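The residues making up each chain are set out below.
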Amino acid sequence: MQSSIIKESLPLSEILQKLEPLPRSRAELPAASYREEILKALDTSRVVVICGATGCGKTRHIVLKQRFFVYVFRRNQSTQVPQYLLEYMNARNLQSYANILVTQPRRVAATSLADRVAVERSSPSPGKPGSIVGYNVRLSRAVADNAKIVYCTVGILLRMLVNPSENYSPTTDEAGNIGFSNPLSSLSHVVIDEVHERDLNTDFALTLLRPVLK
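None of the values given here were measured: they were computed from a predicted structure.

> When you look at the pattern of salt bridges in this model, what are you seeing that I'm missing?
Pairing is possible between side chains that carry opposite charge, provided their charged atoms lie close to one another. Across all of its chains, the model carries six salt bridges by this definition. With its nearest N and O atoms 2.8 Å apart, the salt bridge here joins Arg26 to Glu87. Here Arg26 is found in helix H3 (residues 24-27), whereas its partner Glu87 is found in helix H5 (residues 80-91), with 61 residues between them in sequence. The burial state of Arg26 is the same as that of Glu87; both residues are buried. Its salt-bridge partner being Arg121, residue Glu87 comes within 3.0 Å of it at the nearest N-O pair. Of this pair, Glu87 sits in helix H5 while Arg121 sits in the loop between helix H6 (107-120) and strand E4 (133-137), and the two are 34 residues apart along the sequence. In this structure Glu87 comes out as buried when scored by relative accessible area, which is 2%. When salt bridges that share partners are traced, they join Glu20, Arg26, Arg35, Glu87 and Arg121 into one network.

> Quick question: what am I supposed to make of the packing of helix H7 (residues 154-162) against helix H8 (residues 200-209) here?
Helix-helix packing is characterised by the crossing angle of the two axes and by the distance between the axes. Closest axis-to-axis distance for the H7/H8 pair is 10 Å, and the angle between their directions is 35°. H8 is crossed by H7, and the crossing has left-handed handedness. Residue-level contacts link Val154, Leu157, Leu158, Leu161 and Val162 of H7 to Asn201, Thr202, Phe204, Ala205, Leu208 and Leu209 of H8. The class makeup of the residues in the contact of H7 with H8 is nine nonpolar, two polar and no charged.

Thresholds applied
Residues numbered from 1 in each chain as written. Predicted model: local features only at pLDDT ≥ 70, side-chain atom pairs only at ≥ 80, totals over all residues. Heavy atoms only, no water. Salt bridge = Lys/Arg side-chain N within 4 Å of Asp/Glu carboxyl O. Helix = DSSP H or I, 4+ residues; strand = E, 2+ residues; numbered from the N terminus. Buried < 20%, exposed > 50% of the residue type's maximum accessible area, 1.4 Å probe, protein only. Axes fitted to C-alpha atoms, helices over the stretch in contact; angles between N-to-C directions. Left-handed = near helix turned anticlockwise from the far one by under 90°. Contact = heavy atoms within 4.5 Å. Nonpolar A, V, L, I, M, F, W, Y, C, P; charged D, E, K, R; others polar.

Okay, here's the thing in structure tokens:
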């Protein structure tokens, strides 16, 4: 389980000192001045909500600390905070466990944001060998084996929650019973964007995610 590994951590002050410096293009975004504050909240709270104006580079999140994290973003381009999360995991020497899922209400947003983040991180295009950024939308999937940040539509997340057998191999317990593991168990973070739009799919996804907090 990732929870046991995620709990092992350096003191937060040391983690913040180990964060990689932001390039100028990202450092100039309004969200950059809140990077440490966001990560401090992440370190102490199971649920963190971040609100910001469109284009500021921030995000809103719900954080599930004992197992994985869920972030809910509002009115932003969802590019910076997922990267902060990855940088946070890197600083904790947990980069091999970083697996960040970011949902978008529309396919175009998911694919375009993935392209932008890949450029910002000097990574190959989504889906290309060695790319740490990918996307997964209806009828199109571009996710490399070592992808750390994956953008998808809310519908993809709902399928993971409702029909895990479509995306995960079956497991067999000691009694020989066949089942499927928690579809989110391999994720370190889940980011749900544009929650303020209150569409049916997003509300349903939040409803299904809520029991995981318990």
